[in-house]
Amino acid sequence: MTSAPGPAGAPPEECAELLVHEVERAGPGAVEAVVRCLRWTASGARFTRVRGREAAVDLRVARILVYGREAPSLDPVCSGKVLLRGTGGTSLAPGDAITGSNRPPGHGSMGHREAG
């Protein structure tokens, strides 16, 4: 299945997107969120936008848990719990869709295609 390009024309495998269902503080500069994956998301992904509203966020995925076990990534339609570190996490609310990139700064494509 071919996916539409991501934000600013980025290849779909580089784009990450999560839909927030629940969110709670997890210490200074960190939140834990129960999410549903909308676009393949890897540990280390960086989120910089909240779809549909202006919000200053700069969050990295520090950990992904699926069924209570650590996982390297989340595939579309799967749910999990993510630990997000950075700024703006406390502004997240149920129903927010956060978007960003799986590509680490200064690196090429992750080389992973979106599941479909």
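1. Observations regarding the overall build of the chain
Working step 1: A count of helices and strands for the chain gives zero helices and nine strands.
Working step 2: Ordering the α and β elements of the chain from the N terminus gives β-β-β-β-β-β-β-β-β.
Working step 3: Every one of the 116 residues in the chain was classed for burial, and the buried ones make up 34%.
Working step 4: Within the chain, counting contacts between residues at least 6 apart in sequence, those at least 24 apart form 64% of the total.
Working step 5: Just so you have it, the chain exposes about 6,400 Å², and 52% of that area is on carbon and sulfur atoms.

2. Focus on unusual backbone geometry
Working step 1: Of note, Tyr-67 is a non-glycine position whose phi angle comes to about 50°, a positive value.
Working step 2: Mapped onto the secondary structure, Tyr-67 falls in the loop between strand 5 (58-66) and strand 6 (69-70).
Working step 3: Owing to a relative accessible area of 85%, Tyr-67 belongs among the exposed residues under this scheme.

3. Re the pairing of strand 9 (residues 97-101)
Working step 1: Summarising burial for strand 9: four of the five residues are buried, a large majority.
Working step 2: As defined by bridge partners, strand 1 (residues 15-25) adjoins strand 9 across five bridges and the pair is classed as antiparallel. Following the sheet pairing, Leu-19 is matched in strand 9 by Ala-97.
Working step 3: Taken together, the four bridges between strand 4 (residues 46-50) and strand 9 define a ladder with antiparallel strand orientation. Counterpart to Val-50 in the pairing with strand 9 is Ile-98.

4. Thoughts on the nonpolar core
Working step 1: If you look at the biggest cluster of nonpolar residues, it comprises 20 residues, and the most contacted ones within it are Leu-18, Val-35, Phe-47, Leu-74, Val-82, Leu-84 and Ile-98.
Working step 2: Those elements giving two or more residues to this core turn out to be strand 1, strand 2 (30-39), strand 4, strand 5 and strand 8 (79-87).
Working step 3: In terms of residues, this core owes the most to one element, strand 2, which gives four residues.
Working step 4: Not counting chain neighbours up to four residues away, the residues in contact with Val-35 comprise Leu-18, Leu-19, Val-20, His-21, Leu-74, Cys-78, Ser-79, Gly-80 and Val-82.

5. Considering the pattern of salt bridges
Working step 1: Counted under the stated rule, the structure contains six salt bridges.
Working step 2: The salt bridge involving Glu-32 is made with Arg-63; its shortest N-O contact spans 2.7 Å. Of this pair, Glu-32 sits in strand 2 while Arg-63 sits in strand 5; the two residues are 31 residues apart in sequence, bridging distant segments of the chain.
Working step 3: Residue Glu-32 is classed as buried on the basis of its relative accessible area of 16%.
Working step 4: For Arg-63, a relative accessible area of 24% puts it in the partly exposed group.
Working step 5: One salt-bridge network, in which partners are shared between bridges, spans Glu-17, Arg-39 and Arg-51.

6. Quick notes on the pairing of strand 4
Working step 1: Here two bridges tie strand 4 to strand 5, and the two strands are oriented antiparallel to one another. Among the inter-strand pairings, Arg-46 is bridged to a residue of strand 5, identified as Arg-60.

Rules and cut-offs
Residues numbered from 1 in each chain as written. Predicted model: local features only at pLDDT ≥ 70, side-chain atom pairs only at ≥ 80, totals over all residues. Heavy atoms only, no water. Helix = DSSP H or I, 4+ residues; strand = E, 2+ residues; numbered from the N terminus. Buried < 20%, exposed > 50% of the residue type's maximum accessible area, 1.4 Å probe, protein only. Contact = heavy atoms within 4.5 Å. Areas by Shrake-Rupley, 256 points an atom, 1.4 Å probe, with all protein chains shown as cover. Pairing = 2+ DSSP bridges. Core = buried A, V, L, I, M, F, W, Y, C linked by side-chain atoms within 4.5 Å. Salt bridge = Lys/Arg side-chain N within 4 Å of Asp/Glu carboxyl O.

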